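# Examination of the molecular architecture
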Amino acid sequence: MPSVIPVNLPQDSYDIAIAPQSLDQLGAQMQPLKLGKKVLVVSNPVVDRRYGDCLRSSLTTAGFDVSTCILTAGEQYKTLRSIQKIYDAALEQRLERSSTMVALGGGVVGDMTGFAAATWLRGINFVQVPTTLLAMVDASIGGKTGVNHPQGKNLIGAFYQPKLVAIDPEVLKTLPAREFRAGMAEVIKYGVIWDAELFTQMEQAKRLDQLRYVDAGFLEEILARSCQSKADVVGKDEKEAGLRAILNYGHTIGHAVESLTHYKGTNHGEAVAIGMVAASRLAVALGLWDEECDRRQFALIEKAGLPTKLPEGLNLEEIIDTLQTDKKVKDGQVRFVLPTQIGAATVSDRVTSDLIRQILPGMQ
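Here the structure is a predicted model, which means the values were calculated and not measured.

## Quick look at the pairing of strand β8 (residues 152–159)
- The pairing of strand β7 (residues 144–149) with β8 spans five bridges and is classified as antiparallel. When the sheet's bridge partners are listed, histidine 149 is paired in β8 with glycine 152.
- The hairpin formed by β7 and β8 contains two residues between the paired strands.

## Here we look at the pattern of salt bridges
- Enumeration over the complete set of coordinates arrives at 19 salt bridges.
- Of the charged contacts, one joins glutamate 170 and lysine 173 as a salt bridge, the two residues approaching to 2.9 Å between their closest N and O atoms.
- When its relative accessible area of 61% is taken as the criterion, lysine 173 is described as exposed.
- The closest approach of N and O atoms between lysine 189 and glutamate 186, which form a salt bridge, is 2.8 Å. Remark: glutamate 186 and lysine 189 occur in helix α6 (residues 177–193); sequence separation between them is three residues, near one turn of the helix.
- Under the relative-accessibility criterion, lysine 189 is labelled buried at 0%.

## Structural notes on the pairing of strand β5 (residues 100–105)
- The element β5 is largely enclosed, with a buried count of six among its six residues.
- Alternating residues of β5 divide into Thr100, Val102 and Leu104 and Met101, Ala103 and Gly105, and every residue in both groups is buried.
- Here four bridges tie strand β3 (residues 38–43) to β5, and the two strands are oriented parallel to one another. Each bridged residue has a counterpart across the sheet, and for leucine 40 the counterpart in β5 is methionine 101.
- Summarising the sheet, β5 and strand β6 (residues 125–130) pair through six bridges and their orientation is parallel. Within the sheet, the bridge partner assigned to methionine 101 lies in β6 and is phenylalanine 126.

## Side note on the domain arrangement of the chain
- One can read the domain layout of the chain as domain 1 (3–174) and domain 2 (177–363).
- Taken over C-alpha atoms, the centre of domain 1 sits 25 Å from the centre of domain 2.
- Of the residues lining the interface, 34 residues belong to domain 1; the matching set on domain 2 comes to 35 residues.
- If you look at where domain 1 meets domain 2, you find four salt bridges.
- Among the salt bridges present, the one from lysine 230 reaches aspartate 138, with a minimum N-O distance of 3.4 Å.
- Put simply, the parts of the chain that give the side of domain 1 that touches domain 2 at least two residues each are β1 (3–7), β2 (14–18), α5 (133–139), β7 and β8.

## A short note on the state of the cysteines
- Applying the stated rule across the entire model yields zero disulfides.
- Here cysteine 54 stays unpaired: no disulfide links it, and the sulfur of cysteine 69, its closest cysteine neighbor, is 20 Å away.
- Judged by relative accessible area, which is 31%, cysteine 54 ranks as partly exposed.

## Considering helix α11 (residues 291–303)
- Spanning 13 residues, α11 covers 18 Å between terminal C-alpha atoms, matching the ideal 18 Å at 1.5 Å per step.
- Those residues of α11 that fall on the buried side of the exposure criterion are Cys293, Asp294, Gln297, Leu300 and Ile301. Down the axis, α11 shows its buried residues gathered within 130° of arc, on one side only.
- Along its buried surface, α11 packs onto α6, α7 (196–204) and α10 (268–285).
- Between the side-chain oxygen at the start of α11 and the backbone nitrogen of glutamate 292 there is a gap of 3.2 Å, and the oxygen is on aspartate 290.
- Taken from the residues just after α11, glycine 305 is the one with a positive phi, measuring 70°.

## A look at unusual backbone geometry
- Positive phi, normally seen in glycine, also occurs at aspartate 12, with a value near 60°.
- Even without glycine at this site, arginine 122 takes up a positive phi of about 65°.
- Tracing the backbone through its elements, the reader meets arginine 122 in the loop between α4 (107–119) and β6.

## Brief notes about the environment of glutamine 204
- Tracing the sequence through the fold places glutamine 204 in helix α7.
- Its relative accessible area of 64% is what places glutamine 204 among the exposed residues.
- For the pair formed by glutamine 204 and alanine 216, sequence separation is 12 residues and the distance between their alpha carbons is 16 Å.

## Considerations on the packing of helix α9 (residues 251–260) against α10
- Two elements in contact, α9 and α10, have axes separated by 7 Å at closest approach and are oriented at 135°. In terms of orientation, α9 lies oblique with respect to α10. Two packed elements cross with a definite hand, and for α9 against α10 that hand is right-handed. Counted together, His251, Ile253, Gly254, His255, Val257 and Glu258 of α9 and His268, Ala271, Val272, Gly275 and Ala278 of α10 form the full contact between these two elements.
- Partitioning the contact of α9 with α10 into residue classes produces five nonpolar, five polar and one charged.

Analysis parameters
- Residues numbered from 1 in each chain as written.
- Predicted model: local features only at pLDDT ≥ 70, side-chain atom pairs only at ≥ 80, totals over all residues.
- Heavy atoms only, no water.
- Pairing = 2+ DSSP bridges.
- Helix = DSSP H or I, 4+ residues; strand = E, 2+ residues; numbered from the N terminus.
- Salt bridge = Lys/Arg side-chain N within 4 Å of Asp/Glu carboxyl O.
- Buried < 20%, exposed > 50% of the residue type's maximum accessible area, 1.4 Å probe, protein only.
- Domains from an automatic or database assignment.
- Contact = heavy atoms within 4.5 Å.
- Disulfide = S-S within 2.5 Å.
- Expected span 1.5 Å × (residues − 1).
- Arc of directions from axis to C-beta.
- Polar contact = N/O pair within 3.5 Å; in protein donor to acceptor, adjacent residues only side chain to side chain.
- Axes fitted to C-alpha atoms, helices over the stretch in contact; angles between N-to-C directions.
- Parallel < 35°, antiparallel > 145°, perpendicular 65-115°, else oblique.
- Left-handed = near helix turned anticlockwise from the far one by under 90°.
- Nonpolar A, V, L, I, M, F, W, Y, C, P; charged D, E, K, R; others polar.

This is the structure we're talking about:
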């Protein structure tokens, strides 16, 4: 069954539309939004080969004038150089203030397209069409856009909301199993920080490591509950003044791991899983939650086929140094999102470098 989840904001509210086999309906979905005629589709080679023609046909049938910009796939290409390619395509196609950029791909494509849309002509329309589980449940929602700096992840960016997030679960059938698992890390995150019922449902599932073991009904439940969790949090705190920071659960250590492995070897979801294991143990050490909750989370991460140990060869002191570039640092103090019970979390500045030195060796 199709479902529509509103993201209610003081300005720029929009819908998340989840419907199987809806990719060829994007043009019809965009028509009521009063967008300009010109559309620039931004994608990567693999996704464009699979879904680009279907999407462009839908847009053309709906009366849009469509062009395409293809970017090299991979987190290591999430840079200002790639943004320049989008700008060049926008200039070549003479995009106007009323024009729209459509992100067809995973989180990397979505983040870059959103940032390009936020900054081209001081802001034009953009639409998210996520094709990975991670992008569907997390990256495409909430308006965080940006690129990486060599010294840290997502240090360059802007808050900029899409006009629509259009999710077709059918495209996940071509998603590599490793990428499916990466998305499950963000789903587990929502269970820990916001939705205890979702956490329990995942505990009751037989397997979470491959799409073929997740039936269509449960997949739609995962998508709807995760999107609703993100919409709830973003609706309460669009610009991360307070509550929204809990969405970074697992991301503090996770981003350090990604940065130190140069965005190769460990993908975003895997890094978040490692970060959640670390944050959980820090929370136990600080008395914020108990070892039983830690055990339950660890078991769920393992069930999803995600890593629970740091990649080999990482230097603990380098991890601690890298944490200082994290966006959540305030007055020089790293602020960690830590769980307090299944379904709730808090932001803490009680995590010292010495405590990190005690916890991380157990994850090597």
